[in-house]
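Residue strings, one per chain:
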Amino acid sequence: MDYTRLGHTDIRVSKVCLGTMTYGDQNTQADANNQLDFALAQGINMIDTAEMYPVPPRAETVTRTETMLGHWINTQQRDSFVLASKIAGPRRGMHWIRGGPSGLDRENIRSALHDSLKRLQTEYLDIYYLHWPERNVPMFGQYQFDPQAELDKEGNPIAWVSIQTQLEALDELIKEGKIRAIGLSNEQPWGLMEFLRIAKERNLPRVAALQNCYNLMNRGMEFGMNEILYREGVSLMAYSPLAFGHLTGKYVENPQAVGRVTQFLGYAQRYKKPGVPAASRRYAELARAHGLTPTQLALSFVYHRWFVASTIIGATSMAQLQENITAYAVKLSDEVLAEIEQLHLTMMNPAP
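Everything quoted here is computed from the prediction, not taken from an experiment.

Topic: unusual backbone geometry
- The omega angle of the peptide bond from Tyr-53 to Pro-54 is 10°, so this bond is cis rather than trans.
- Assignment of secondary structure puts Pro-54 in the loop between strand 4 (46-48) and helix 2 (64-73).
- The omega torsion across Val-55 and Pro-56 is 5°, close enough to zero to call that bond cis.
- Relative to the helices and strands, Pro-56 resides in the loop between strand 4 and helix 2.
- One non-glycine residue, Ser-240, lies in the positive phi region at around 60°.
- Note on Ser-240: relative accessible area 11%, which makes it buried.
- Backbone geometry at Asn-349 places phi at a positive 45°, although glycine is not the residue there.

Digging into the pairing of strand 6 (residues 125-130)
- Counted residue by residue, strand 6 has six buried out of six residues, so it is predominantly covered.
- Taken together, strand 5 (residues 82-87), helix 3 (residues 106-120) and strand 6 form a β-α-β motif whose crossover is right-handed.
- The pairing of strand 6 with strand 7 (residues 179-185) spans five bridges and is classified as parallel. Opposite Ile-127, over in strand 7, you have Ala-181 as the bridge partner.
- With respect to chirality, the unit in which strand 6 leads through helix 4 (residues 163-175) into the neighbouring parallel strand 7 is right-handed.

Remarks on the packing of aromatic side chains
- The full count for this structure, using the stated rule, is eight aromatic pairs.
- For the ring pair Tyr-214 and Phe-301, a centre distance of 6.2 Å and an interplane angle of 20° mean the geometry is stacked. Here Tyr-214 is found in the loop between strand 8 (207-213) and helix 6 (225-232), whereas its partner Phe-301 is found in helix 10 (residues 294-303), with 87 residues between them in sequence. The pair formed by Tyr-214 and Phe-301 is uniform in burial state, with each residue classed as buried.

Describing a nonpolar patch on the surface
- Taken together, the side chains of Phe-223, Leu-345 and Met-348 make up a nonpolar region of the molecular surface, amounting to roughly 330 Å² of accessible area.
- Summarising the element assignment, Met-348 is placed in the segment after helix 12 (334-346).

Comments concerning empty space enclosed by the protein
- For the structure shown, the criterion picks out one cavity of 30 Å³ or more.
- The computed volume of the largest cavity comes to approximately 40 Å³.
- Together, Leu-104, Leu-130, Trp-132, Pro-133, Glu-134, Gln-166, Leu-184, Ser-185, Glu-187 and Phe-195 line the largest cavity.
- Class assignment for the residues of the lining of the largest cavity results in six nonpolar, two polar and two charged.

Conventions used here
Residues numbered from 1 in each chain as written. Predicted model: local features only at pLDDT ≥ 70, side-chain atom pairs only at ≥ 80, totals over all residues. Heavy atoms only, no water. Helix = DSSP H or I, 4+ residues; strand = E, 2+ residues; numbered from the N terminus. Buried < 20%, exposed > 50% of the residue type's maximum accessible area, 1.4 Å probe, protein only. Right-handed = clockwise from strand over helix to strand, strands pointing away. Pairing = 2+ DSSP bridges. Phe/Tyr/Trp six-rings, centres within 6.5 Å; stacked < 30°, edge-to-face > 60°. Patch = residues over 30% accessible without salt bridge, like charges linked within 9 Å, V, L, I, M, F, W, Y side chains within 5 Å. Areas by Shrake-Rupley, 256 points an atom, 1.4 Å probe, with all protein chains shown as cover. Salt bridge = Lys/Arg side-chain N within 4 Å of Asp/Glu carboxyl O. 1 Å grid on protein atoms, 1.4 Å probe; cavity = no way out; pocket = protein on both sides within 12 Å on 5 of 7 lines; lining within 4 Å. Points joined across faces, edges and corners; volume = space filled by probe spheres on them. Nonpolar A, V, L, I, M, F, W, Y, C, P; charged D, E, K, R; others polar.

So, in C-alpha cells, the structure goes:
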C-alpha cells in the first residue's frame, strides 16, 4: 500500500480508503469487524463514515454505521488509523437527523460532531466533512444549476448559513482538539474556492480534503476542479469508483443481479440515466479484451489518477473487498488508457 499527505496537514492516508456505508443495513457487526480487521492488515489506514449512514438513508437505520464502527474502535489503538465522518446538512428532507437540520450553523455542527464522537467512541476525528453544501447546488445526480432554487416559496432569497460562519464553528472544534482537519463533500468549484479564500482572509481552517464522486462514467472532476486541487494543495478522496456496481459488469450480464441498484429501487438516480447501460457494457468489453476484470479496470483507473489522493471503496462481502484491494496492484498500460480515452470521448460522462 502507498500513502500520501492529506492536503497541507501532517496526516498521512493510504491510497485506498475503506468506506462503511453498508454497515448496519447490508452488513452486520461481525461483517464490519472482519472487513475492518482485514483492511488494516492490508495496509489501509483510512476509514470513512458519516452520521447519515447506512445508505440509502432511512429513519430506521440512521447512525447505525457510526455505532457499529464505534464498537470496533473501542477495541483498537486509536492512533493506528485515520478516521473521517461527515455532518448531514439541510435540503435533503431527512427530518430524522437532528429534527431535520435547518442549516450548517454553529449549533448544528457542534451537536452533530458531539453525537458522532459519542457513537464512534473516540475523542476526536482526523477529518470532519460537510457532507453536502449548505447552499443551492446541483448534487447527487443533478447536474444543472437552478437559480430559482435560491428563492423560498414566497419568492424571497433563502438565508443560507455563510461559509464564514461554518468555518468559525469548525475552527472552534479544531482548537478544542475534537477534529484535526476539515473537508468538503459533493462540493462545486465555486464553493471550494470560497472556503479557501475566506479561510485565508480570516485566518480560519483551510480545507484539506474534497470527497466527490469520480469514476469512468463520471469524470466531471476533470473540468476545472482538478486544477484547483493541484494549485491549492487539496486532496481528492474519490468515492463511487465502481459506479454503484455498474462498472463491475454484473448488470450487463444480468440487469436484475443482486446489488444496491436492484435492492434499493429508486435510489442512486445518478446511474439511472440513459447512457449508463451502454457505457457499462463498453468498459466491461474493454477490460476483458485486455485480460482484466471490469472491476480491475475501473478501480485501477481511479486509484492511479494523478489528482486522486485516496479512493473510497466499499463492499458487502469479503470476496468483493479482497478484489477491490488487490486491484490497487494493477497498473493499466498506455494502450488501455488510450482506449479508455477514446470511449470517454464517444460517450462522455453518462452519469454526471
